Amino acid sequence: MVITVKSEAQTELIDMTSKIQEAVLSAGISSGLCMVYVPHTTAAVTINESADPSVRSDIMMVLNKIIPWKADYRHLEGNSPAHIKSTLVGASELIAVENGKLVLGTWQGIFFCEFDGPRTRKVQLSVVSC
Amino acid sequence: MVITVKSEAQTELIDMTSKIQEAVLSAGISSGLCMVYVPHTTAAVTINESADPSVRSDIMMVLNKIIPWKADYRHLEGNSPAHIKSTLVGASELIAVENGKLVLGTWQGIFFCEFDGPRTRKVQLSVVSC
Amino acid sequence: MVITVKSEAQTELIDMTSKIQEAVLSAGISSGLCMVYVPHTTAAVTINESADPSVRSDIMMVLNKIIPWKADYRHLEGNSPAHIKSTLVGASELIAVENGKLVLGTWQGIFFCEFDGPRTRKVQLSVVSC
């Protein structure tokens, strides 16, 4: 299963929890583990608080502070900071599925992390049964 | 399966390897992959050295240095640093299980990462067979 | 399945995509999820761009900047920076397998992250079927 995410800024966290929940439901999966996989090298996926959008802007603010925009980068495309953020946050997340529902904590949502947008991106979902 | 972890400091790494090993054994799992999942957004899980407790205090010291305690955070609860650490370290780990035993490297242990304690926390375990 | 990686520098990213692809093929796995697991506490695994080797040197340059080589570390072996990088990058990656092939994005490769080399290291592969 593949879902599409459209980013609108250079760096941005996008809540894709409901899209993933819909895909899992429509695939008729009852229980297992769902892998959310980002096949891009300047993006990532994370699980964090979905209630207050300030949390995701604070996360991105600090990532943008920690990883310098300018440095002695050798990669000539100019997006090395995006590649580095991708490695720190990670290309995949795993979430349990029970009775067709993602087993997330009360405050958790699943976020696409755009580090080199705006772009149209793909996210792959795979489920193994428990 | 759910295990409970009680943290006693604001930031702390807690070894939960033996608790996880016991849960896997008591569930009668012989071989597969065990997901250790933290359903909280101000905590995480990591695998690192269990022999010398200094390693975990060094890890936390540097995380506390990298992620500023004070910044122009918008999230009003005051725990944005904890959310950011959670995204950097990650909500889950996967460990192989063979003959009922976690397949860890010689020096590896599995640690609950408390970033906004002290609190009583839950950790979810799921196992898929290989 | 275990593959061996030999690092030649203190810190280094080593492309092990083709080694992992060969191991998956020779094991006769047709479809599932492949876990790439590093059983070491001063190393890690990441997925990032394989086309331009500059990307991996930029990643390592910034990791070496963010994690101080000298600080009030308590761990007496002197390799605390390696342990901290290991926790930030992570001990495992998951990749889907379809018809015996790793399902990676166009630019993605799988890299062993050496943070305390040079050494001979082991990487464990486990596959669960989808």
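What counts, and at which threshold
- Residues numbered from 1 in each chain as written.
- Chains lettered and ligands numbered in written order.
- Predicted model: local features only at pLDDT ≥ 70, side-chain atom pairs only at ≥ 80, totals over all residues.
- Heavy atoms only, no water.
- Least-squares fit on C-alpha atoms with pLDDT ≥ 70 in both.
- Contact = heavy atoms within 4.5 Å.
- Buried area = accessible area lost by both parts, 1.4 Å probe.
- Salt bridge = Lys/Arg side-chain N within 4 Å of Asp/Glu carboxyl O.
- Polar contact = N/O pair within 3.5 Å; in protein donor to acceptor, adjacent residues only side chain to side chain.
- Helix = DSSP H or I, 4+ residues; strand = E, 2+ residues; numbered from the N terminus.
- Nonpolar A, V, L, I, M, F, W, Y, C, P; charged D, E, K, R; others polar.

Which parts of the structure should I look at to understand the relation of the copies chain B and chain C?
One copy of the chain maps onto the other through a rotation about an axis followed by a shift along the same axis. Placing chain B over chain C gives an RMSD of 0.0 Å and needs a rotation angle of 120 degrees, together with 0.0 Å of translation along the axis. Considering both components of the superposition, the chain copies are consistent with a three-fold axis. Relative to the rotation axis, the closest C-alpha in chain B is found at B:Leu88, a distance of 3.5 Å. Looking at the interface residues of chain B, only 13% of them are also at the interface in chain C, so each copy uses its own face.

Hey, could you run me through the interface of chain B and chain C in this one?
By a widely used convention, the size of an interface equals the accessible area lost when the partners come together. Taken together, the 31 residues of chain B in the interface contact 28 residues of chain C. In total, chain B and chain C occlude about 2300 Å² of area from one another, counting both sides; carbon and sulfur atoms represent 62% of this. The largest per-residue losses of area from chain B upon contact with chain C belong to B:Asp58, B:Leu94 and B:Gln108, which jointly make up 21% of the total buried on that side. Our count for the contact surface shared by chain B and chain C stands at zero salt bridges. Run the count over chain B and chain C and you get 11 residue pairs in polar contact (both at pLDDT 80 or more). No other element matches helix 2 (residues 53-66) of chain B, which puts 10 residues into the side of chain B that touches chain C. When grouped by side-chain class, the residues that make up the side of chain B that touches chain C number 18 nonpolar, eight polar and five charged.

What is the right way to read the interface of chain A and chain B from this model?
Listed by partner, the interface residues are 31 residues for chain A and 28 residues for chain B. For the pair chain A and chain B, the two sides together bury roughly 2300 Å², of which 62% comes from carbon and sulfur. Here chain A and chain B share 11 residue pairs in polar contact (both at pLDDT 80 or more) between them. Broken down by secondary-structure element, the contributors of at least two residues to the side of chain A that touches chain B are strand 4 (43-49), helix 2 (53-66), helix 3 (80-89), strand 5 (92-98) and strand 8 (120-129) of chain A. Taken together, the residues of the side of chain A that touches chain B break down into 18 nonpolar, eight polar and five charged.

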